Structure formats: structure tokens, C-alpha cells
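# Structure assessment
Each chain is listed here by its residues.
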Amino acid sequence: MSKRIFIYLQQHIGAPAIPQVNVGDRVKKGQLIAVPNGLGANIHSSLYGQVVNITQNYIEILADEEQPEEFVPIKETDNILEAIKEAGIVGMGGAGFPTHIKMNVNLEGGYVIANGIECEPLLYHNVKQMEEKPELIYRGLKYAMKVTNASKGCIAIKEKNKKAIEAMKSVIDDDRIEVKMMPDIYPMGEERALVRDILGVLLRPDQLPAAAKAVVTNVETLSRIAEAVDYRKPVISKNVTVVGRLKSGRKPLVFFDVPIGTPVSELIEKAGGIEGQYGEILMGGPFTGKSVNLDAAVIKTTGGVIVTDPLPKEKRKIGLLVCGCGANEARLREVAEKMGAPVAGVERCKQVVDVKGGIKCENPGNCPGQAEKILKLRKAGADVVLVGTCSDCTNTVMGVAPKLQLPVYHHTDHVLRTVGHKLVRRLKK
Ligand code: SF4
């Protein structure tokens with residue numbers, strides 16, 4: 001049966017891309033169908049089919065039943081940066097920053113850090129890719145080092161992911177490149193946390209890793225660079241973890257190379273379908289995922305699709321504690337509303353700062369202590385608190401809230417409970 005895909009024009013940091021096709025046009029897999037409008041990246045069709053609708057947000061394609069493997073290659077070039085640009089590569093760990101701009105730096109004496117941390121609980125596609133396809137990532141890392149003139153490379157992986165560590169080590173044939181093992185805390189994958197822990201440089205929230213002579217790039221992004229350079233392949237697919245209330249069980253399922261534009265509903269059906277009544281469909285991980293409906297479609301930054309249990313019900317007044325790397329105020333208010341709890345007050349972790357219209361943390365994952373903020377929420381009339389904080393900060397919340405008889409919810413609770421994962425509370429000593 002023919003299916004519809006929805007290729008969003010905003011799959012990157014910057015402005016929505018400009019369509020280059022019209023309703024009724026036949027399109028091929030890999031064909032360029034939208035170009036950047038200022039900051040942005042090229043967008044290609046992920047399947048063969050016919051354009052049936054174009055809106056401000058997406059190009060809708062009725063896909064052919066026959067889908068040959070062949071794709072329209074990007075134009076031939078010896079220039080790595082140009083290949084990255086032509087292929088429409090963006091940060092596929094979730095950031096969506098155009099990679100050809102990130103890689104346009106001179107890192108002589110510096111580092112390319114391959115980010116294989118996958119610090120959101122439940123997501124597994126980066127780790128599985130490292131376990132099963134380390135060569136492609138490694139080739140991408142070498143191309144990234146070449147194009148940025150970097151002197152060293154490292155692959156950051158959580159210490160607990162032993163199989164991925166061994167797989168990546170097994171393909172390294174260059175003594176400028178090494179694997180770094182990192183702790184299992186959130187938000188270890190934040191790029192400034194990696195620069196701090198690997199290079200010993202604490203960047204300001206408004207600084208990019210280039211200020212420390214480094215670029216940090218997600219491992220899937222690196223594999224897409226290798227595909228663009230070696231196979232002239234544009235970004236037409238995404239690796240995605242699907243997990244949660246599924247008839248097939250509660251273990252994460254990884255789908256490699258899901259065509260961009262695939263509706264979330266189709267992906268969930270492929271994973272076995274939803275079991276019973278669910279709470280939310282999250283696109284992304286438990287900490288930073290967005291609640292979407294079943295019509296949402298996979299874009300270049302989609303990492304996870306999570307079907308959660310219903311949210312807990314709570315009638316008492318709730319105080320919200322905002323984090324620069326976890327839940328922002330909007331997400332905490334959304335969770336509180338779905339729980340049914342009236343909001344008594346909102347506080348920000350004291351390391352939250354405003355940067356370019358959003359919020360960031362001054363020193364990701366390194367807690368300044370939360371006693372003062374919890375006391376303020378108590379004074380504002382909160383009978384319970386809902387925190388969106390990192391692992392370390394939640395640890396200190398648990399050092400104070402129970403003493404004030406304030407029960408604690410974390411905004412990831414209903415997500416983690418769905419699969420029987422340990423809740424974000426006290427860290428082990
Ligand atoms: S220190 Fe505060 S702002 Fe930073 S990650 Fe932890 S909770 Fe979030």
C-alpha cells in the first residue's frame with residue numbers, strides 16, 4: 001500500500017528551507033527538494049514518489065510502492081566541507097546545527113570529539129551503531145579531523161558500554177585517536193560537559209567548543225559524513241530508538257536508516273504497536289524529548305520515539321524547579337498540567353542563564369546545591385515539587401526535600417517507570 005511521508009522544512013537550527021518542487025512533481029530518493037534560507041541545510045526526498053501537498057511546514061509525498069535502493073547522489077566533489085554541505089548534514093544528536101558551518105574551523109593543535117555518550121536514558125541507537133558499525137563512524141571522524149585540521153580525535157563513550165568501547169577500539173589505526181570513558185550521569189553528553197571533562201576547559205554558556213580548539217560531533221553525524229564523502233549519499237534517513245508501552249515488550253528497539261518523513265505512528269506499528277492506554281508520545285529522550293502526536297514525522301534530529309505510561313495524578317500544589325539541560329519551564333508546566341497539579345511557584349537552578357532566547361547551564365551536571373530553591377518553593381506554597389534537574393542536582397534535591405516533608409517528582413518519572421528503569425533520584429555513593 002502506498003504511504004505518505006511528511007518532509008519538514010525545519011529540520012535544523014536556522015530558518016525553514018525553501019521548497020524546490022511543486023505539487024504534482026515526481027521525486028526520486030535523494031533528490032534535492034528544499035534549500036536553506038540563510039542558516040540551514042539542504043533537504044532531500046527520502047523516497048520515490050509524487051509531491052501531493054506543500055505547506056509552510058512540510059512537503060508531503062505519496063511514496064511509490066516500489067522503492068529501489070538507488071538514490072540520486074550529491075554532486076561530485078573532492079572537498080569534504082562541500083560534500084557535507086551538499087548532503088544536508090546537521091547535528092543528528094538532537095542539536096540540528098548545520099555541520100558544514102560547525103566544521104569550517106581550523107583546529108590545528110585541537111580536537112574532534114566524537115560524542116557517543118547517548119546520555120538520555122532508554123535511547124540506544126548510538127551505542128548500537130558503535131557496536132555494529134564502528135568503521136563508518138571512524139571514517140567520519142577521520143574526515144572531520146582532516147577538514148578541521150585537528151591534531152587529535154577522541155571518541156567519548158560511557159564506561160558502562162563495554163561492547164561499544166571494544167568495537168570502536170578495534171577499528172582505531174591512528175595513534176592520534178583514542179577512546180575516552182565517561183561516567184553514566186545526565187547530562188554527560190552536553191558538549192560543554194565533554195569539553196570540560198576531556199580537555200579541562202570550562203566554556204561559558206555562550207561559547208562554542210571551538211573556543212577550546214575543539215568540535216564535538218555526534219557519532220551518527222560522523223557516519224553521515226562518511227556516507228556523503230564515500231558514497232555521495234545525502235541525509236535521507238535517521239537511526240531511531242523506539243521504546244515504551246509496546247506490544248513487543250519494554251526493551252528498546254533500534255531501527256537503522258528510517259526514511260526521513262516517516263510518521264511516528266508507522267514506526268510504532270513496526271515496533272509492535274501501542275499496548276493499552278498510554279500517557280505521552282515523546283520524540284527524543286526522557287529528559288529533553290517533546291510530547292508529540294502520532295502524526296509527527298521523523299526528522300534529521302529525531303533520536304527516540306517513546307510511548308509512556310499515563311502520568312501520575314496529583315492534586316496538591318506543585319513547585320517547579322527548572323534546569324538548563326533538562327526540563328525548561330514550559331515542559332514542567334506541561335507535565336504538571338497533565339498530572340492535574342496547580343502550580344504554586346517556579347524556580348530555576350541557580351546555574352541557569354539566558355542565552356540567545358533560550359536557557360543554558362553554566363556548568364552542566366555540576367550541582368550548585370538546591371536547598372535554597374526547594375525552600376523557596378516551600379515558601380511559595382508548594383506541597384510537592386516537580387524537578388527537571390540533572391542527576392547531580394536531583395541528588396541534592398533529595399538531600400533537602402524529604403526533610404521538609406516535600407514529596408519529589410522528576411519530570412522523567414512516568415517515562416522511566418514505563419520500562420522499569422531506575423528513577424532519577426539519589427546518586428549512588
Ligand atoms: S547544574 Fe542546574 S542547570 Fe545545570 S544541569 Fe544541573 S540542574 Fe541543570
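Now for a description of the structure that goes with this document. Remember, predicted model here, so these are calculated numbers, not experimental data. (Residues numbered from 1 in each chain as written. Predicted model: local features only at pLDDT ≥ 70, side-chain atom pairs only at ≥ 80, totals over all residues. Heavy atoms only, no water.)

Not every one of the 13 residues close to the ligand is listed here, only the nearest: Cys323, Cys349, Cys361, Cys390 and Cys393. Residues of the shell around the ligand, tallied by class, amount to eight nonpolar, five polar and no charged. (Near = heavy atom within 4 Å. Nonpolar A, V, L, I, M, F, W, Y, C, P; charged D, E, K, R; others polar.)

Another aspect to go through is the packing of aromatic side chains. For the structure shown, the criterion picks out three aromatic pairs. Judged by centre distance (5.2 Å) and plane angle (90 degrees), the ring pair of Phe6 and Tyr58 falls under edge-to-face. Of this pair, Phe6 sits in strand S1 (residues 4-8) while Tyr58 sits in strand S7 (residues 58-63), placing them 52 residues apart in sequence. What makes Phe6 buried here is its relative accessible area of 17%. Taken together, the ring pairs in this structure connect Phe6, Tyr8 and Tyr58 into an aromatic cluster. Positioned above the aromatic ring of Phe256 is the side chain of Lys133, whose terminal nitrogen or guanidinium carbon lies 4.3 Å from the ring centre. (Phe/Tyr/Trp six-rings, centres within 6.5 Å; stacked < 30°, edge-to-face > 60°. Helix = DSSP H or I, 4+ residues; strand = E, 2+ residues; numbered from the N terminus. Buried < 20%, exposed > 50% of the residue type's maximum accessible area, 1.4 Å probe, protein only. Lys NZ or Arg CZ within 6 Å of the ring centre and 35° of its normal.)

Right, let's talk about the pairing of strand S21 (residues 384-387) for a bit. A two-sided burial pattern is seen for S21, the buried positions comprising Val384 and Leu386 on one face and Val385 and Val387 on the other. Pairing of strand S17 (residues 318-322) with S21 involves four bridges; the strand directions are parallel. The partner of Ile318 across the bridge, within S21, is Val384. A crossover connection joins S21 to the parallel strand S22 (residues 408-410) through helix H11 (residues 391-400); in handedness this β-α-β unit is right-handed. (Pairing = 2+ DSSP bridges. Right-handed = clockwise from strand over helix to strand, strands pointing away.)

We now examine the pairing of strand S9 (residues 152-158). In terms of burial, S9 is largely enclosed, as six of its seven residues are buried. In this structure, strand S8 (residues 111-116) lies alongside S9, joined through six bridges in parallel fashion. Looking across to S9, one finds that Tyr111 is bridged to Lys152. Note: S9 against strand S10 (residues 177-182), six bridges, orientation parallel. Within S10, the residue paired with Cys154 across the bridge is Glu178.

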